[in-house]
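Read off the chains here:
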Amino acid sequence: MTFYHGDLQAVRDLVREGEVHRDVYTDPDVFAYEMEHVFANTWVYVGHASQIPKTADFVTTTIGIKPVVMVRHSDGSIRVLHNRCPHKGTRVANEACGNAGRFFRCPYHAWSFRTDGSIAAIPLPQGYEGTGFETSRAAEGMAAVGAVHVYRDFVFARLHPRGIGFTEFFGESLSSIDNMIDRSPVGKLEIAGGVLRYVHRCNWKMLVENLTDTCHPMVAHESSAGTAVAVWKQQPEGTPRHPAVEIFAPFVSPYQFYEGMGIRVWPNGHGHTGVSHSIHSDYSAIPGYFEQMVAAYGEERAREILGTNRHNTVYFPNLTVKGPIQAMRIFKPIAADRTMVESWTFRLVGAPDQLLARTLMYSRLVNAPTSPVGHDDLEMYERAQDSLHSDANPWVNMQRLYDPQEAGIATATANGTTEWQMRNQFRAWRHFMAAVP
Ligand code: FES
Ligand SMILES: [Fe+2]
């Protein structure tokens, strides 16, 4: 183990072109730096507006490891506050979600706060008279995070008050969120079906990298998806394909399928697999849905929306979406070797319910704690997390289809088996692993 205390440059040097040092996955110091820099300098997904429709509705979550609460203020706006009492530091909102009522009330000494974080009341207020309390940090109430941006109901926040702007940070990558929303005939999504959560004993970045790792499905998922396909092939000729087989089968497509699908990279660590097609391209049509889309958008636009079948889009640092099935995963760091995975699903407002049913089935089969597919990946991450402690070689390789020219290219599409997007994430990591701008 190396001690990086105070040496930010040494931490940044753990990332080279085409390889990264194992300490980016295993070292608690490096993890602490990520929380202070990468997760504070970037726009991190917080929640969806549909989770807090009414005044004082709230959701608690984290940005990196910092507790925050997203709340609907009395003026209808969405606020993101540090979930910490300004008095002694107690977490104010403790439930995953709820309604604050008239005020948030700290459970320790009953200071209460409006939904913009300002102090509504303090018991025995005369005890602070003449103490200079009104100019203290505590008098500011529950502090707001540095900046909040709501993009088509997706709520993002940046911890630091200064830094890269929302539009500059995401740029064209927002097209993946757009496509997911545009699949609703009324252009609206709602969180539906709850959330699946499970803790992985590995570093958060392993999960993000896996999302554009197209050389693993036919290998790691042979035991789950491969078995499902083998069982289905034993059915009598003409047996209709079970919806689960429709979901499993593309995982074990040959390398050529993944090479051909393509990968696109964008600035600031964002990118996606599935430029031309993806594992979601060949699902059977849901009766009535296409007609609804044509009525809403016209045939040409409807075909364009539904013909975009991006596989996984990575929003650096830790959000990933699957537009074609309206699923979203968030990888929440807990420690260098602990990550909370959250799988969320959306309802396409105005579309047939069978679409949500398919999304929920996908999540159960692939992303749930009980899923066969997810465990294939989990096993690989946890083996890596353990074996990276070996002294055989401290570097992890990411050179597949590497071209030294690529560092200077902001946006590109490439062969679907390239590790360019992983390198893209680490270039962004190195960039945002910097002091407050
Ligand atoms: S810690 Fe919150 S009121 Fe005292
Ligand atoms: Fe996988």
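Residues numbered from 1 in each chain as written. Chains lettered and ligands numbered in written order. Predicted model: local features only at pLDDT ≥ 70, side-chain atom pairs only at ≥ 80, totals over all residues. Heavy atoms only, no water.

### Remarks on the overall build of the protein
Part 1: Secondary structure summary: the protein contains 16 helices and 21 strands in total.
Part 2: Against the 2.2 N^0.38 benchmark of 22 Å for 437 residues, the protein shows a C-alpha radius of gyration of 23 Å, consistent with a compact globule.
Part 3: Here the C-alpha coordinates of the protein stretch approximately 85 × 55 × 40 Å along the principal axes.
Part 4: Restricting to contacts in the protein with at least 6 residues of sequence separation, those with at least 24 account for 67%.
Part 5: Summed over all atoms, the accessible surface of the protein reaches about 19,000 Å², with 53% contributed by carbon and sulfur.
Part 6: In the protein, the 40 positive side-chain charges and the 45 negative ones have mean positions that sit 5 Å from each other. (Helix = DSSP H or I, 4+ residues; strand = E, 2+ residues; numbered from the N terminus. Rg over C-alpha atoms; globule rule 2.2 N^0.38 Å. Contact = heavy atoms within 4.5 Å. Areas by Shrake-Rupley, 256 points an atom, 1.4 Å probe, with all protein chains shown as cover. Lys, Arg positive; Asp, Glu negative; His and termini not counted. Charge placed at Lys NZ, Arg CZ, Asp CG, Glu CD.)

### Some points on the coordination of the iron ion (ligand 2)
Part 1: Around the iron ion (ligand 2), the protein supplies H216 (NE2), H221 (NE2), D377 (OD) and D377 (OD) as donor atoms, at distances of 2.1 to 2.5 Å.
Part 2: One way to put it: the four donor atoms around the iron ion (ligand 2) meet at angles of 55 to 141°, and that makes the site irregular.
Part 3: Donor residues binding the iron ion (ligand 2) come from one chain and are separated in sequence as H-x4-H-x155-D.
Part 4: We classify H216 as buried; its relative accessible area is 15%. (Donors = N, O, S within 2.8 Å, 3.2 Å for Na, K, Ca; no water. Tetrahedral: all angles 85-135°; square planar, octahedral: opposite > 155°, others 65-115°. Buried < 20%, exposed > 50% of the residue type's maximum accessible area, 1.4 Å probe, protein only.)

### Points about the packing of aromatic side chains
Part 1: All told, the structure shown has 20 aromatic pairs when counted by the stated rule.
Part 2: By way of ring pairs, the aromatic residues W43, Y45, Y151, F154, F156, F166, F169, F170, Y315, F316, F346 and F432 are connected into one cluster.
Part 3: Lying across the ring of W395, R16 places its NZ or CZ 3.5 Å from the centre. (Phe/Tyr/Trp six-rings, centres within 6.5 Å; stacked < 30°, edge-to-face > 60°. Lys NZ or Arg CZ within 6 Å of the ring centre and 35° of its normal.)

### Some thoughts on the environment of E34
Part 1: By the element assignment, E34 lies in helix α3 (residues 28-36).
Part 2: On a C-alpha basis, the gap between E34 and V24 in space is 9.2 Å, while along the polypeptide they are ten residues apart.
Part 3: With near-sequence residues (within four places) excluded, E34 lies in contact with V24, F39, W204, K205, W429 and M433.

### Considering the pairing of strand β5 (residues 66-72)
Part 1: Across the seven residues of β5, five count as buried, placing the element largely inside the fold.
Part 2: Relative to β5, strand β4 (residues 57-63) is paired through six bridges, and the arrangement is antiparallel. Paired with T61 across the bridge in β5 is V68.
Part 3: Counting the residues that bridge the hairpin from β4 to β5 gives two residues, and of these G64 lies at a positive phi of roughly 65°.
Part 4: As judged from the five bridges shared by β5 and strand β6 (residues 78-82), these two strands associate in the antiparallel manner. Within β6, the residue paired with V68 across the bridge is H82. (Pairing = 2+ DSSP bridges.)

### Quick look at the side chain of D27
Part 1: Positionally, D27 belongs in the loop between α2 (23-26) and α3.
Part 2: Of the side chains with opposite charge, R22 lies nearest to the buried D27, which makes no salt bridge, at 8.1 Å.
Part 3: Here V30 takes part through its backbone nitrogen, which lies 3.1 Å from a polar atom of the side chain of D27. (Salt bridge = Lys/Arg side-chain N within 4 Å of Asp/Glu carboxyl O. Polar contact = N/O pair within 3.5 Å; in protein donor to acceptor, adjacent residues only side chain to side chain.)

### Some words on the layout of surface pockets
Part 1: In this structure, the largest pocket occupies an estimated 450 Å³ of space.
Part 2: As for the largest pocket, its lining consists of 18 residues, and the residues nearest its centre are E209, D213, M380, Y381 and A384.
Part 3: Elements that contribute at least two residues to the lining of the largest pocket include exactly α7 (204-210), α15 (372-387) and β20 (395-397).
Part 4: Of the residues forming the lining of the largest pocket, the biggest block, five residues, is contributed by α15.
Part 5: Residue composition of the lining of the largest pocket, by class: ten nonpolar, three polar and five charged. (1 Å grid on protein atoms, 1.4 Å probe; cavity = no way out; pocket = protein on both sides within 12 Å on 5 of 7 lines; lining within 4 Å. Points joined across faces, edges and corners; volume = space filled by probe spheres on them. Nonpolar A, V, L, I, M, F, W, Y, C, P; charged D, E, K, R; others polar.)

### Brief notes about empty space enclosed by the protein
Part 1: For the coordinates displayed, the defined rule picks out six cavities of 30 Å³ or more.
Part 2: Considering the residues around the largest cavity, the lining is formed by 26 residues, among which N210, F251, R329, V366 and D377 are closest to the centre.
Part 3: Elements with a minimum of two residues in the lining of the largest cavity: β13 (189-200), α7, α14 (353-367) and α15.
Part 4: For the lining of the largest cavity, the element with the highest residue contribution is α15, accounting for four residues.
Part 5: Across the lining of the largest cavity, the residue classes break down as twelve nonpolar, ten polar and four charged.

### Regarding the packing of helix α12 (residues 289-297) against helix α13 (residues 299-306)
Helix-helix packing is described using two parameters, namely the angle between the two axes and the distance between the axes.
Part 1: Interhelical geometry of α12 versus α13 gives an angle of 125° and a closest axis separation of 7 Å. With respect to their mutual orientation, α12 and α13 come out oblique. Read as a crossing pair, α12 and α13 show a hand that is right-handed. Two secondary-structure elements touch here, α12 through Y289, F290, M293, V294 and Y297 and α13 through E299, R301, A302, R303, I305 and L306.
Part 2: Looking at the contact of α12 with α13 residue by residue, the classes come out as eight nonpolar, no polar and three charged. (Axes fitted to C-alpha atoms, helices over the stretch in contact; angles between N-to-C directions. Parallel < 35°, antiparallel > 145°, perpendicular 65-115°, else oblique. Left-handed = near helix turned anticlockwise from the far one by under 90°.)

Geometry only, nothing functional implied.
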